[in-house]
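Listed here are the chains, written in short residue letters.
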Amino acid sequence: MKNTFFGSLTMLLSFSGILSAADALPVEIGQRRELMIDDALIESVSGSLELRLHHPQAQEIAIVHDRPWEGSGCGYHSIFHDGEKYRMYYKAWHIMVEKGKLDTKNRFLCYAESEDGIIWTKPELGLFEYEGSKKNNIVIWDGGPWGEAQPDGAHPAVFLDQNPNCPPEARFKAIIRSNKPTGLLVMKSADGIRWSMHHDKPVITDGAFDSQNLAFWDPVRNEYRAYWRIFTNGIRDIRTATSKDLITWTPHHDLKYEDAPPEHLYVNQILPYYRAPHLFIGFPARYIERDGKSPSMGALPDPEHRELRAAASPRYGYAITEGLLMSSRDAVNFHRWPEAFLRPGPERTGQWKYGDNYIAWHLLETK
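Computed from a predicted model, the values in this text were never measured in an experiment.

Draft legend 1. Inspection of the sheet that holds strand β12 (residues 183–189) at higher detail. Taken together, the four strands give an open sheet; going across it, the order is β10-β11-β12-β13, and neighbouring strands pair in antiparallel fashion. One side of each edge strand has no neighbouring strand; the edge strands of this open sheet are β10 (151–160) and β13 (195–197). Strand-to-strand twist across the sheet, computed as the mean angle between neighbouring axes with direction ignored, equals 35°. By the bridge criterion, seven bridges tie β10 to strand β11 (residues 172–178) in an arrangement that is antiparallel. Its bridge partner lying in β11, A157 is registered against I175.

Draft legend 2. How the structure looks around a nonpolar patch on the surface. On the surface, a cluster of nonpolar side chains totalling about 230 Å² of accessible area is made up of V27, I29 and L41. Looking at where L41 falls in the secondary structure, it is placed in the loop between β2 (11–14) and β3 (50–53). A relative accessible area of 39% means that L41 is categorised as partly exposed.

Draft legend 3. Local environment of a negative patch on the surface. On the surface, E60, E84, E115 and D116 cluster together into a patch of negative charge. Mapped onto the elements of the fold, D116 is located in the loop between β7 (101–114) and β8 (120–121). For D116, a relative accessible area of 30% gives the class partly exposed.

Draft legend 4. Structural view of helix α2 (residues 303–312). Every buried residue belonging to α2 is among R306, R309 and A310, and all of these are buried. Buried residues of α2 fall within an arc of 100° about the axis and therefore sit on the same side. Opposite its buried face, α2 presents the exposed residues E304 and A311, each directed more than 90 degrees away. On its buried face, α2 is in contact with β6 (85–98), α1 (295–298) and α3 (314–318).

Draft legend 5. Spatial organisation of the sheet that holds strand β23 (residues 326–328). Within the open sheet, the four strands sit side by side as β19-β20-β23-β24. Their pairing is antiparallel. Because the sheet does not close on itself, it has two edges, and the strands there are β19 (271–273) and β24 (334–336). Across the sheet, the mean angle separating the axes of adjacent strands is 35° when strand polarity is ignored. As paired strands, β23 and β24 are joined by three bridges and run antiparallel to one another. Residue pairing for β24: S327 is matched across the bridge by H335.

Draft legend 6. Geometry of the nonpolar core. Counting 36 residues, the largest nonpolar core has Y89, W120, I140, W146, M187 and W195 as the members making the most contacts within it. Excluding its chain neighbours within four sequence positions, the residues that come into contact with I140 are R107, F108, L109, F128, W146, I176, M187 and W195. Y224, A226, I238 and M326 belong to the second largest nonpolar core, which has 32 residues in total.

Draft legend 7. Up close: the environment of I119. Tracing the backbone shows I119 in the loop between β7 and β8. What makes I119 exposed here is its relative accessible area of 60%. Along the chain, I119 and Y86 lie 33 residues apart, while their C-alpha atoms are 10.0 Å from each other. With near-sequence residues (within four places) excluded, I119 lies in contact with E113 and S114.

Draft legend 8. Seen up close, the state of the cysteines. Taken as a whole and judged by the stated rule, the model has zero disulfides. The thiol sulfur of C110 is not disulfide-bonded, and the nearest other cysteine sulfur, from C74, lies at 6.6 Å.

Draft legend 9. Broad picture of the pattern of salt bridges. Per the counting criterion, the structure on display carries 25 salt bridges. Here R107 and D152 are joined by a salt bridge, their closest N and O atoms 3.0 Å apart. With R107 in strand β7 and D152 in strand β10, this pair connects stretches of sequence that are 45 residues apart. One salt-bridge network, held together by shared partners, links R32, E34, D38 and R329.

The rules behind these values
- Residues numbered from 1 in each chain as written.
- Predicted model: local features only at pLDDT ≥ 70, side-chain atom pairs only at ≥ 80, totals over all residues.
- Heavy atoms only, no water.
- Pairing = 2+ DSSP bridges.
- Helix = DSSP H or I, 4+ residues; strand = E, 2+ residues; numbered from the N terminus.
- Axes fitted to C-alpha atoms, helices over the stretch in contact; angles between N-to-C directions.
- Patch = residues over 30% accessible without salt bridge, like charges linked within 9 Å, V, L, I, M, F, W, Y side chains within 5 Å.
- Areas by Shrake-Rupley, 256 points an atom, 1.4 Å probe, with all protein chains shown as cover.
- Salt bridge = Lys/Arg side-chain N within 4 Å of Asp/Glu carboxyl O.
- Buried < 20%, exposed > 50% of the residue type's maximum accessible area, 1.4 Å probe, protein only.
- Lys, Arg positive; Asp, Glu negative; His and termini not counted.
- Charge placed at Lys NZ, Arg CZ, Asp CG, Glu CD.
- Arc of directions from axis to C-beta.
- Contact = heavy atoms within 4.5 Å.
- Core = buried A, V, L, I, M, F, W, Y, C linked by side-chain atoms within 4.5 Å.
- Disulfide = S-S within 2.5 Å.

Limitation: the analysis is restricted to geometry and does not speak to function.
The structure is reproduced here in structure tokens:
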């Protein structure tokens, strides 16, 4: 499996009309950076003025998931800059179809690092044994030495805790789905490699957590915020809450999307934009069911493999996912672009399938 990472986020406001806000009071922004990512600061427009979404362009391959323990289902990448090093965490999960049924094994959290954010290496950490060898980059093992907790390494989100009061031994945090009881666990680490439990029980339990659920420190509001997956009237959706300690959480709120229609959203990939942290930017994946017998489906490449997957589960053969872009100024009400940000692209083998085009968490700046 090959994962390509994409560069900076660019928005273009094309002025071909005239702003008509003579009577509007100005919004004081001081030295605060603002992005042309919504129309919150635009009072009115005329003519053909438009806010246009630009799309990421594929560049060189950053990392290839080809190790035996990585399996066939790597994803849910968390990436961030830590001093002179870039860090990446991702799930390793093997899923296969045998005799018309899905079977899975390996549910690990793996680690990679880079000096430039472009070329990545997988260090041999020697923490967990896989098929007789500890020469691997596994940092959390499903069923490892975690006491009564049962973290699922295949559903991770890792972040560098920016809370100024965070103790050094908990500088890194991981939000991990709990196998039993159901919910989200918080784990901690001093070095990002060796992990222990931050709390021995799930801290959030009201949701559907088979996704990349996440949390982070909000430097503007001085609190932790979490986003996780739920179902609302049968629709895959997103819920949020805040906390002062990552253990006790406020009553939750379900996200709202202005005039956007109800759509299935896998993952959420939300984080304050680091150069304008009052703005929340998310890259959710839109999930779309498709008719497996339609003419357009028959025109796609790799039909035998698609039908094999569909025999075990229709969505694995026929559904599609694509990356979206959304933003918010209050962490609950989002402007969601209807057009896909990361699109499946031209028809070719390995594309136009379920579980594809998930965007890493989060934006990464390189030289």
